[in-house]
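# Remarks on the overall topology
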Amino acid sequence: MANLEEAYNALRNAHNAGDTKAASEIAIIINKMQASPQQEKDPLAGDDSALRRVSDVGIDLLKGGLGVVDAVTGLADIPTGGAVGKFTDEVSESLFGGTTEDAKAFLDKGTSRQGLRAEREVAEAEGFGGTLSAMVQNPSTIIGTVAESLPAMFGGGKIAQGLLKLNKYRKAQKLVGETPGSYGVAAGIGEGVVGAGQQATDIRRQTDDQTLSGKQAGLSALTGIFTAVLGTVGAKIANKVGIVDADVLFAEGVQEGTKRGLLTDIAYAAITEGAFEELPQSIQEQMLQNVALNKDPMEGVAESAATGLLAGIGMGGGASLLTRGKRSTIKDDKEGLAEDPVDENEPPQEESKFGNLGTSPVVSPITKPKAKAKPKAIKQVNDYEQNKLPD
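Residues numbered from 1 in each chain as written. Predicted model: local features only at pLDDT ≥ 70, side-chain atom pairs only at ≥ 80, totals over all residues. Heavy atoms only, no water.

All right, on to the overall build of the protein chain then. Summing up its helical and strand segments, the protein chain has 15 helices and zero strands in all. Looking at the protein chain residue by residue over its 391 residues, the buried ones come to 38%. The contacts in the protein chain between residues at least 6 apart in sequence include a share of 73% that link residues at least 24 apart. As presented, the protein chain carries roughly 22200 Å² of accessible surface, and 60% of it is formed by carbon and sulfur atoms. (Helix = DSSP H or I, 4+ residues; strand = E, 2+ residues; numbered from the N terminus. Buried < 20%, exposed > 50% of the residue type's maximum accessible area, 1.4 Å probe, protein only. Contact = heavy atoms within 4.5 Å. Areas by Shrake-Rupley, 256 points an atom, 1.4 Å probe, with all protein chains shown as cover.)

As structure tokens, this is what we get:
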């Protein structure tokens, strides 16, 4: 018989796979095991040190890095029917004793007991409201979800940067009316490419033969298209209201300032990233995965929607907070340029060596003025006068 720790691992895996039916059944088994006097006490009882707690974020980042590896193999799986991913999994098992999924499970063992208890509560929650409430009560799960997403966002940003280096892409931007060199659509495409790869791997690993059918490969690609469209729309909305889109931030950096207050700015960014990007993206990803695996299309959708919404709020608000100082500097610089326009055709006015006596009693330090270059015509006359032969 499995012990509680094994049951909790099974519950977490079912939740991560979006299999709410299996998660509910496992949760019932765990409750019965905890109620039985013969069973051992909760293995997650007690608290770990603060340092161990902080290391949870590092573990989530590492898991996100493994997710990027899955995205790369997943992209190769779409045209090959999962052959590449199946082959790499077999090689990985031969060389390292497991796949990237096994590596994630191994990393989970290093998570603090507080973190594991928080994940358990979220995994046991049902529905949109239940999952939302569980994550809000356990904010470490929101931080962990954001941290695990960062490597994928970084990868999507690199794809966007690569696109903008292509002349054909810049020409295409002109054709569709987008400013050449802007990152909005490119960031959306980068996000979509990564999303398609991750979806393909998630689906393949839930099939009996560890491969993809034509339908499953097509739905994985469709996931990427929808993700790219939603990401682009979210970036355009963010640009309209003058905030930083988290995905564009990874591709472009900070380019614009803002005049809003801190809390308002964070709220705008959180709502845009959460409600207009991550929420609909999570819904369509879960639904298409269910269809690909012949499950109820709505299974796990509510839970995924809640997770995506809160993760998006964390990403958007965090991006706005981290970049606010730089954006304020950019705004001040632009306002300074607007207040002091420079006429390029007007020659520079030479300041008196005694300062501006008409407006200020302060005497400027006396400096020796630099010699101005003589106009070419005057220089030629002077050369002639100096070098001509005597009469």
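There is more to say, and it comes next.
Next up on the list: the pattern of salt bridges. Per the counting criterion, the structure on display carries twelve salt bridges. Arg 113 is the salt-bridge partner of Asp 48, the closest N and O atoms lying 3.1 Å from each other. You can see Asp 48 sitting in the loop between helix 2 (20-35) and helix 3 (50-80) and its partner Arg 113 sitting in helix 6 (residues 113-124), a full 65 residues away along the chain. What makes Arg 113 partly exposed here is its relative accessible area of 27%. (Salt bridge = Lys/Arg side-chain N within 4 Å of Asp/Glu carboxyl O.)

Over its 26 residues, helix 8 (residues 139-164) extends 37 Å from the first C-alpha to the last, a length consistent with the 38 Å expected when each residue adds 1.5 Å. Along helix 8, the sharpest change in direction is near 35° and occurs at Leu 150; proline Pro 151 comes one to four residues later. (Expected span 1.5 Å × (residues − 1). Bend = angle between axes of the 7 residues up to and from the residue.)

This paragraph deals with the nonpolar core. With 13 residues, the main nonpolar core has Leu 4, Tyr 8, Leu 11, Ile 26 and Ile 30 as its most contacted residues. Those elements that place two or more of their residues in this core are helix 1 (4-16), helix 2 and helix 6. Here Ile 26 is in contact with Ala 7, Ala 10, Leu 11 and Ala 14, once residues within four sequence places are set aside. If you look at the next biggest cluster of nonpolar residues, it comprises nine residues, including Leu 163, Tyr 169, Ala 186 and Ala 187. (Core = buried A, V, L, I, M, F, W, Y, C linked by side-chain atoms within 4.5 Å.)

Per-chain confidence: the protein chain averages 79 in pLDDT, with 75% of residues scoring 70 or above. Counted against residues more than four places away or in other chains, residues 327-338, with its pLDDT under 50, gives 17 contacts. (pLDDT = per-residue confidence, 0-100.)

All right, on to the packing of helix 3 against helix 4 (residues 83-96) then. Running from N to C, helix 3 and helix 4 point in directions that differ by 130°, and their axes come no closer than 6 Å. In terms of their interaxial angle, helix 3 and helix 4 are classed as oblique. Of the residues in helix 4, those touching helix 3 at Thr 73, Ala 76, Asp 77 and Thr 80 are Ala 83, Val 84, Gly 85 and Thr 88. Among the residues making up the contact of helix 3 with helix 4, the classes are represented as three nonpolar, four polar and one charged. (Axes fitted to C-alpha atoms, helices over the stretch in contact; angles between N-to-C directions. Parallel < 35°, antiparallel > 145°, perpendicular 65-115°, else oblique. Nonpolar A, V, L, I, M, F, W, Y, C, P; charged D, E, K, R; others polar.)

So, on to helix 5 (residues 100-108). When we look at burial in helix 5, the residues that qualify are Thr 100, Lys 104, Leu 107 and Asp 108. The arc enclosing the buried residues of helix 5, seen along the axis, measures out at 105°, which places them on a common side. Looking at the packing, one finds that the buried side of helix 5 touches helix 1, helix 3 and helix 6. Capping the start of helix 5, Thr 99 holds a side-chain oxygen 3.3 Å from the backbone nitrogen of Glu 101, two or three residues further along. (Arc of directions from axis to C-beta. Polar contact = N/O pair within 3.5 Å; in protein donor to acceptor, adjacent residues only side chain to side chain.)

Turning our attention to the packing of helix 7 (residues 127-137) against helix 8. Between helix 7 and helix 8, the shortest axis-to-axis distance is 4 Å and the interhelical angle comes to 95°. Relative to helix 8, the element helix 7 lies roughly perpendicular. Residues Met 135, Val 136 and Gln 137 of helix 7 form the contact with helix 8, whose participating residues are Pro 139, Thr 141, Ile 142 and Thr 145. For the contact of helix 7 with helix 8, the class distribution of residues is four nonpolar, three polar and no charged.

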